[in-house]
Amino acid sequence: MQDLDKALADIVAIRTQIARDTAFRGLGSATLAATGVIALATAAGQALWLGDLATRPGLFFSLWIAAALVASALVGFETLRRTRQLHSGLADAMVLSAIEVFLPSAGAGACLGLVIARFAPDSLWLLPGLWQVLVGLGLFASARILPRAVQGVGAWYLLAGLMVIAIAAETRTLSPWTMGLPFVIGQTTLALIVQRTGGADADR
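Model, not experiment: these values are computed from the prediction.

## A look at the packing of helix H5 (residues 127–141) against helix H6 (residues 150–171)
Two numbers describe how H5 lies on H6: the axes approach to 7 Å, and their chain directions differ by 165°. As the angle between them shows, H5 and H6 are arranged roughly antiparallel. As for how H5 packs across H6, the hand of that crossing is left-handed. Where H5 approaches H6, its residues Pro128, Gly129, Leu130, Gln132, Val133, Val135, Gly136, Leu139 and Phe140 are matched on the opposing element by Val150, Gln151, Val153, Gly154, Ala155, Tyr157, Leu158, Ala160, Gly161, Leu162, Val164 and Ile165. Its residues placed into classes, the contact of H5 with H6 shows 15 nonpolar, six polar and no charged.

## Overview of the environment of Thr171
By the secondary structure assignment, Thr171 is in helix H6. The spacing of Thr171 and Trp125 is 46 residues in sequence and 9.1 Å in space, taken between C-alpha atoms. Among the polar contacts listed, one links the side chain of Thr171 to the side chain of Thr173, at a separation of 2.8 Å.

## A look at the packing of aromatic side chains
Applying the stated criterion across every chain, the model contains three aromatic pairs. The interplanar angle of 85° and the centroid separation of 5.0 Å between the aromatic rings of Phe60 and Phe61 together place this pair among those described as edge-to-face. When its relative accessible area of 8% is taken as the criterion, Phe61 is described as buried. For the ring pair Tyr157 and Phe183, a centre distance of 5.3 Å and an interplane angle of 50° mean the geometry is tilted. Taken together, the residues Tyr157 in helix H6 and Phe183 in helix H7 (residues 176–199) connect sequence positions 26 residues apart. Across the pair, Phe183 and Tyr157 agree in class, each one buried. Here a set of aromatic residues connected by ring pairs shows up, and it is made of Phe60, Phe61 and Trp131. Here the basic side chain of Arg118 rests over the ring of Phe119, its NZ or CZ set 5.0 Å away from the ring centre.

Analysis parameters
- Residues numbered from 1 in each chain as written.
- Predicted model: local features only at pLDDT ≥ 70, side-chain atom pairs only at ≥ 80, totals over all residues.
- Heavy atoms only, no water.
- Axes fitted to C-alpha atoms, helices over the stretch in contact; angles between N-to-C directions.
- Helix = DSSP H or I, 4+ residues; strand = E, 2+ residues; numbered from the N terminus.
- Parallel < 35°, antiparallel > 145°, perpendicular 65-115°, else oblique.
- Left-handed = near helix turned anticlockwise from the far one by under 90°.
- Contact = heavy atoms within 4.5 Å.
- Nonpolar A, V, L, I, M, F, W, Y, C, P; charged D, E, K, R; others polar.
- Polar contact = N/O pair within 3.5 Å; in protein donor to acceptor, adjacent residues only side chain to side chain.
- Phe/Tyr/Trp six-rings, centres within 6.5 Å; stacked < 30°, edge-to-face > 60°.
- Buried < 20%, exposed > 50% of the residue type's maximum accessible area, 1.4 Å probe, protein only.
- Lys NZ or Arg CZ within 6 Å of the ring centre and 35° of its normal.

On their own, these measurements won't tell you what the molecule is for.
Below, the structure is given as structure tokens:
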């Protein structure tokens, strides 16, 4: 029994290592582009209908969180479908490997939002830029499973986040466009990279 348990543990370890070293093809270009459209629609809707954001920061962030959840659900569903189709027996290990890459930055973003909202509400204007920086760091961390060109998108999010913080520091106000435009550009570019590197071959 001990030999059997050891053999099974070795198989699991080998499968996990193969999954970590295999290029992840679970992202679909069309779905990534759709997340950019969601960001554009959210920013445009807020610019047209929310008015003075200084009086309703809760609604501002609630709408963006809702948009992020919808986008994440779309990407998650498509990722599971594509991974099962393209990675076959390694599907579960590949998905877990991808989650391990992105979970730290996503968790840090959620915690930052909660802490700033609770203990430093006057600093909420920092959140859009900080979130973009964290997305950039998540993409840098994904370099081992995604195409190398994705690091360029990570650099975009990092620089965009720093620029957004610098711009917002002058007025310390929220803007739908400093939140939305970096994501529109970043997600659209990411979709193009995935398509050009073969990520679209399962979209048919």
